[in-house]
Amino acid sequence: MKEENYEVVVFQGDPGTIDLTYEEIEAEWNKMLQTVPQTGKFRIIHQEKKRYTFEDYSSQIGNADAALGIWVHKGVINEKLFEAHPNLKYIATLGHGFEDFDVEMTRRRGVTITNTIYGDVTIAQYAMALLMNICHNVTVQSDYTKTGYWKEKETNPQASYNQLFVPQIELYQKTMGIIGLGAIGLWTARMAKGFGMKVIANSRHKKTGPQYDGIEQVSMEEIFERSDVISIHCPHTKETENLLNREAFAKMKDGVIIINTARGIIIDEEALLEALESRKVYMAGLDVVANEPPQYQIPLMQSPYTFITSHIAWQPKAARLRAVDLAVKNFRSYLEGMPTSVIN
């Protein structure tokens with residue numbers, strides 16, 4: 001490992017939120033990278049499109065030793081990338097999620113790849129917001145109180161003020177099933193426990209440590225069979241693709257609630273729609289769909305039993321700036337011989 005003068009390239013896309021400018025996030029990169037004494041020259045590439053391809057990245061990496069902000073998947077992380085850029089030994093994706101790639105090849109080439117767990121509490125909070133919307137739909141009730149009631153009262157003096165338009169669901173003592181007990185899943189568990197829920201979870205590897213006390217780690221079968229609410233927080237892999245399919249829905253409790261803030265393709269969307277229409281699934285709160293951005297209005301968007309948002313759980317300003325700070329801290333840890341958040 002070199003002692004100093006690491007050349008760094010940063011791939012920064014649209015900050016993705018209404019209260020943070022590109023200039024502000026670029027200033028954060030400049031401030032943080034200057035705190036790493038081993039950093040020599042660095043460049044910040046303003047991505048002009050949402051998803052960069054292999055060719056986009058490769059054309060701009062140059063002689064960089066480290067690339068921050070690469071979308072990690074097998075279409076980019078391949079032999080060609082390292083043949084074209086032999087200096088490249090460190091890659092960071094700026095998000096939690098990543099797709100399949102050739103892990104053994106990267107190890108063989110001595111490359112370290114990390115993710116950036118900046119939005120664990122943020123995304124968990126959004127998962128709970130989707131759940132709260134299903135349980136209470138405050139907007140519908142507020143609209144009636146502020147507007148609808150008064151319009152009705154004009155023609156009906158006996159109009160009911162405390163009218164309910166959706167059933168109100170209490171979470172106390174219900175069971176939250178969490179798929180993927182990483183940083184986001186753990187925060188979701190903590191929040192669910194705050195509502196008095198019993199929490200069960202499944203992960204690829206059993207989690208140990210005091211932070212997991214009070215979370216029962218169970219098989220996937222038990223997640224399906226015992227949960228009143230299932231919240232998805234696992235990565236998209238070959239094993240998790242269409243994990244929630246017809247067979248899985250058939251095993252679930254009648255009236256189960258599904259929350260997904262991970263990857264849309266973890267759910268078989270056709271099977272979910274069937275389960276919603278049969279009322280096997282009470283409602284689904286989704287921040288992700290299988291193909292993003294969708295090219296047409298998918299049937300789930302036409303269902304009265306879904307709330308769907310456009311992959312925005314990660315977008316608070318504080319979280320976007322924290323992503324920069326953590327990415328640079330992870331890079332510094334790597335340079336100091338103590339890499340963190342390694343995914344290969």
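Each chain carries its own residue numbering, running from 1 in the direction its sequence is written. Totals for whole chains, interfaces and linings use every residue, but because this is a predicted model, local features are given only for residues with pLDDT of at least 70 and side-chain atom pairs only at 80 or more, for both listing and counting. Side-chain numbers here rest on the full set of heavy atoms in the structure, without hydrogens or water.

Draft legend 1. Quick peek at the sheet that holds strand β1 (residues 6-12). Two strands are said to pair when DSSP picks up at least two bridges between them. Helix and strand assignments come from DSSP, with helices taken as H or I runs of at least 4 residues and strands as E runs of at least 2, each series counted from the N terminus. Spatially, 5 strands are ordered β2-β1-β3-β4-β5 in an open sheet, and the strand pairing comes out parallel. Only two strands of the sheet have a single neighbouring strand rather than two, namely β2 (39-46) and β5 (112-114). Each strand of the sheet is rotated relative to its neighbour by a mean of 15 degrees, with strand direction disregarded. Pairing analysis gives 3 bridges linking β1 to strand β3 (residues 66-68), with the strands arranged parallel. Residue pairing for β3: V8 is matched across the bridge by A66. The strands touched by helix α1 (residues 22-33) are β1, β2 and β3; relative to β2, the strand with the most contacts, the crossing angle is about 165 degrees. Sitting on the sheet, helix α11 (residues 317-335) touches β1, β2, β3, β4 (90-92) and β5, and the angle it makes with β1 is about 155 degrees. Fitting a line to C-alpha atoms yields each axis, with helices limited to the stretch in contact; the angle taken between N-to-C directions then spans 0 to 180 degrees. Here, two residues are considered to be in contact whenever any of their heavy atoms come within 4.5 Å of each other.

Draft legend 2. A look at the sheet that holds strand β7 (residues 198-202). Taken together, the 7 strands give an open sheet; going across it, the order is β8-β7-β6-β9-β10-β11-β12, and neighbouring strands pair in parallel fashion. Looking at the sheet topology across the chains shown, the edges are occupied by β8 (215-217) and β12 (306-308). In this sheet, adjacent strand axes meet at a mean angle of 20 degrees when their direction is disregarded. Relative to β7, strand β6 (residues 175-179) runs parallel, the two being bridged by 5 bridges.

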